[in-house]
Amino acid sequence: MWGLVRLLLAWLGGWGCMGRLAAPVRAWAGSRGHPGPTLLRTRRSWVWNQFFVIEEYAGPEPVLIGKSLDREEKAQYVLLAQAVDRASNRPLEPPSEFIIKVQDINDNPPVFPLGPYHATVPEMSNVGTSVIQVTAHDADDPSYGNSAKLVYTVLDGLPFFSVDPQTGVVRTAIPNMDRETQEEFLVVIQAKDMGGHMGGLSGSTTVTVTLSDVNDNPPKFPQSLYQFSVVETAGPGTLVGRLQAQDPDLGDNALMAYSILDGEGSEAFSISTDSQGQDGLLTVRKPLDFETRHSYSFRVEATNTLIDPAYLRRGPFKDVALVRVVVQDAPEPPAFTQATYYLAVPENKAPGTLVGQISATDLDSPASPIRYSILPHSDPERCFSIEPEDGTIRTAVSLDREARVWHNLTVLATELDSSAQASRVQVAIQTLDENDNAPQLAEPYDTFVCDSAAPGQLIQVIRALDRDEAGNSSRVSLQGPLGPDVNFTVRDNRDGSASLLLPSRPALPRQAPYLVPIELWDWGQPTLSSTATVTVSVCRCRPDGSVASCRPEAQLSPTGLSTGALLAIITCVCTLLALVVLFVALRRQKQEALMVLEEEDVRENIITYDDEGGGEEDTEAFDITALQNPDGAAPPAGLPARRDVLPRARGPRQPRPPGPADVAQLLALRLREADQDPSVPPYDSVQVYGYEGRGSSCGSLSSLGSGSEAGGVPGPLEPLDDWGPLFRTLADLYGAKEPPAP
């Protein structure tokens, strides 16, 4: 019996759900009086054990937990339990923790969170070179069993790559992988849990491996011989051809440099690499000549500019090809024997003097004749001539070195059988100097000396000038007047100048300026000389040395007038003569204007004068009655009536009185004719000033000819209101009736 109880208690203690009944059972067993050891009553307590529940259990027996659990969501649960009295619901003990741990099973496959992968490894890498490391993750519990123990394997990519089973490091598996053969590989890596055993779960990822380029291939010419042709007239820098060596490498590993190995080719041609660093550009280095050489053969080498020492075993990283260049003949202009000609000729030589000779040759046909000529713009003064057949240059005029030292000519050489083939050359001709210019003073000298200067004092330094070329011809000596009675002394300084000094005797009197003669000569062959004059004035000076007056002293002058007086007299006489001539001309012009021929109409002259009338104050110019109403005005007695239009026939003209012409009498006659002739202007004066017109029912509004009352007050007239609506405004102003008296 006790053994059964102990077994029950042990079972209950193992599950823990009935643990609180252990104490009452022990108490009951002790009070029955059955034989056995005496049991003491102990304080009630809980006995807690850990529970282990299989996750996602789906067996036939029910589980008291109440639901399936996922360890990956929550691996452990902590419960709080407490015993209470059913009757009073009072806690019998403090609360205790009850922990439930979820036991893991292998229900999660491995995954690669960073996949797919991309990696790069240099080509030709050694076996075992690390490429990349892949890492898989398993959500199962790594501390329980082998659910999270992973093993890596290569599913695809063998035999080129391998993977470390434990670390997932991908490495190269074979040596000398060549990028030029295959540049990219796709490797599939698998991760399997349960240590790789059967029943485990797995996951995979891809790794794209790219082989990077290394300089493991030397350049190679696709052909061993290159042939080009070039015209002989091609100038330096002309492209002859392009060479291209092939290199399967990429980028800097494929850059190449080209060079010419043979000396004869490097003298005539040069080769350089293009901007991409791939092709070699063959160009002309110096002018070619078909007549001298028809072709060139030389070797060209192509070399990698960047060489990796690790791959030198693969051979020299260069290649050589043979190049042959054929020079083609072309029509060429004549070639001069010199690039530039320098000739010389003395000055002052007679025209036709030989200067020199130039020569040119036809390179295509040396025996072909050449014709020479001087371009006109290079010799505008036509100073030289050239023989067309042999190129001899001669002077055409006498040359002067002092006028022009150098003459730059352009000579044209033309093939006689082909005028299109021509070439030019510069010919510089220097004019050589001869002693043909006498020395002269550098400038006109007009100086002064104080009358108080001491004897022997320096007055002026005189300098000479010789236009001839430097040398003996330009060396100048100066000499002044000689003798004991000279007023000044000239001392040669032997450097092309001389000093003008006062003589060693008393001071000179102030008079007209002194003229000092100076003799100059050079040392050329032949010696040339000249004479010049220096003007010196003797002046009265202030204490500080400045000039106060240079007027000569008062002296008895000989009979006659000075130059200034003569000039003044001549000026006055010319002025008087000019005035007399002007006066005579004006008087003659006036007399000619007053002379009148017989057939001349004087009235036109009177009309053209700027003589205006006196206006209203001039009562004699016009008859005042002409300004009255023409109906009431009578024509003056003795005068014909004036008409309003120009008549067709003019009145008779009185003859000129016999005898000598009297201008005043003739003018009076013509004026009387004009006054009595109604056909002359102003024949429309009556129309303008005489009346306002006819046709108005009220008659004229003018006050002329109207009656007046005593005192000048107008009498009663016809009311303006009766004139109609056209005169209403005028009636309001002047014809309003007076209001009736109050």
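Heads up: these notes are all about the structure in this document. Here the structure is a predicted model, which is why all the values come from computation and not from measurement. (Residues numbered from 1 in each chain as written. Predicted model: local features only at pLDDT ≥ 70, side-chain atom pairs only at ≥ 80, totals over all residues. Heavy atoms only, no water.)

**Details of the overall build of the protein chain**
Right, so step 1: Per the secondary structure count, the protein chain includes eight helices and 35 strands.
Right, so step 2: Here the protein chain, with 742 residues, has 31% of them falling under the buried criterion.
Right, so step 3: For the protein chain, contacts bridging at least 24 residues in sequence account for 65% of all contacts bridging at least 6.
Right, so step 4: Surface accessibility of the protein chain: about 48,100 Å² in total, with carbon and sulfur atoms responsible for 55%. (Helix = DSSP H or I, 4+ residues; strand = E, 2+ residues; numbered from the N terminus. Buried < 20%, exposed > 50% of the residue type's maximum accessible area, 1.4 Å probe, protein only. Contact = heavy atoms within 4.5 Å. Areas by Shrake-Rupley, 256 points an atom, 1.4 Å probe, with all protein chains shown as cover.)

**Brief notes about the sheet that holds strand S32 (residues 497–501)**
Hydrogen bonding along the main chain pairs the strands of a sheet, whether they run parallel or antiparallel.
Right, so step 1: Across the sheet, which stays open at both edges, the four strands sit in the order S27-S29-S32-S31 with antiparallel pairing between neighbours. Every interior strand has two partners, whereas the edge strands, strand S27 (440–441) and strand S31 (489–492), have only one. (Pairing = 2+ DSSP bridges.)

**Digging into the side chain of serine 147**
Right, so step 1: By the element assignment, serine 147 lies in the loop between strand S5 (130–133) and strand S6 (151–156).
Right, so step 2: Overall, serine 147 belongs to the buried group, its relative accessible area being 6%.
Right, so step 3: Beyond its immediate sequence surroundings of up to four residues, serine 147 is in contact with Asp104, Ile105, Asn106, Asp138, Asp140, Asp141, Asp193 and Met194.

**Re the state of the cysteines**
Right, so step 1: Summed over the entire model, instances satisfying the criterion amount to one disulfide.
Right, so step 2: A disulfide bridge connects cysteine 450 with cysteine 541, and the sulfur atoms are separated by 2.0 Å. Across the S-S bond of cysteine 450 and cysteine 541 the torsion is about -95°, and the bridge reads as left-handed. Of this pair, cysteine 450 sits in strand S28 (residues 446–450) while cysteine 541 is found in strand S34 (residues 529–541), placing the two residues 91 residues apart along the sequence. As far as the burial class goes, cysteine 450 and cysteine 541 line up, both buried.
Right, so step 3: Left without a disulfide partner, cysteine 574 is nearest to the cysteine sulfur of cysteine 572, which lies 9.3 Å away. (Disulfide = S-S within 2.5 Å.)

**Re the packing of aromatic side chains**
Right, so step 1: Tallied over the full model, the rule gives ten aromatic pairs.
Right, so step 2: Measuring from centroid to centroid gives 5.6 Å for phenylalanine 161 and phenylalanine 185, while their planes differ by 75°, and the two rings are edge-to-face. With phenylalanine 161 in strand S7 (residues 161–163) and phenylalanine 185 in strand S9 (residues 184–192), this residue pair connects regions lying 24 residues apart in the sequence.
Right, so step 3: Seen in terms of ring centroids, phenylalanine 221 and tyrosine 258 are 6.3 Å apart; in terms of plane orientation they differ by 55°. Their pairing is tilted. Of this pair, phenylalanine 221 sits in the loop between strand S10 (202–212) and strand S11 (225–231) while tyrosine 258 sits in strand S13 (residues 256–260), placing them 37 residues apart in sequence. A single burial state applies to phenylalanine 221 and to tyrosine 258, both of which are buried.
Right, so step 4: Grouping aromatic residues by their ring pairs yields a cluster made of Phe221, Tyr226, Phe228 and Tyr258. (Phe/Tyr/Trp six-rings, centres within 6.5 Å; stacked < 30°, edge-to-face > 60°.)

**Topic: unusual backbone geometry**
Right, so step 1: The residue after glycine 115, namely proline 116, is reached through a cis peptide bond having omega -5°.
Right, so step 2: Within the secondary structure, proline 116 sits in the loop between strand S3 (96–103) and strand S4 (117–122).
Right, so step 3: Even without being a glycine, asparagine 176 presents a positive backbone phi close to 55°.
Right, so step 4: Of note, the phi angle at methionine 194 is positive, near 60°, even though the residue is not glycine.

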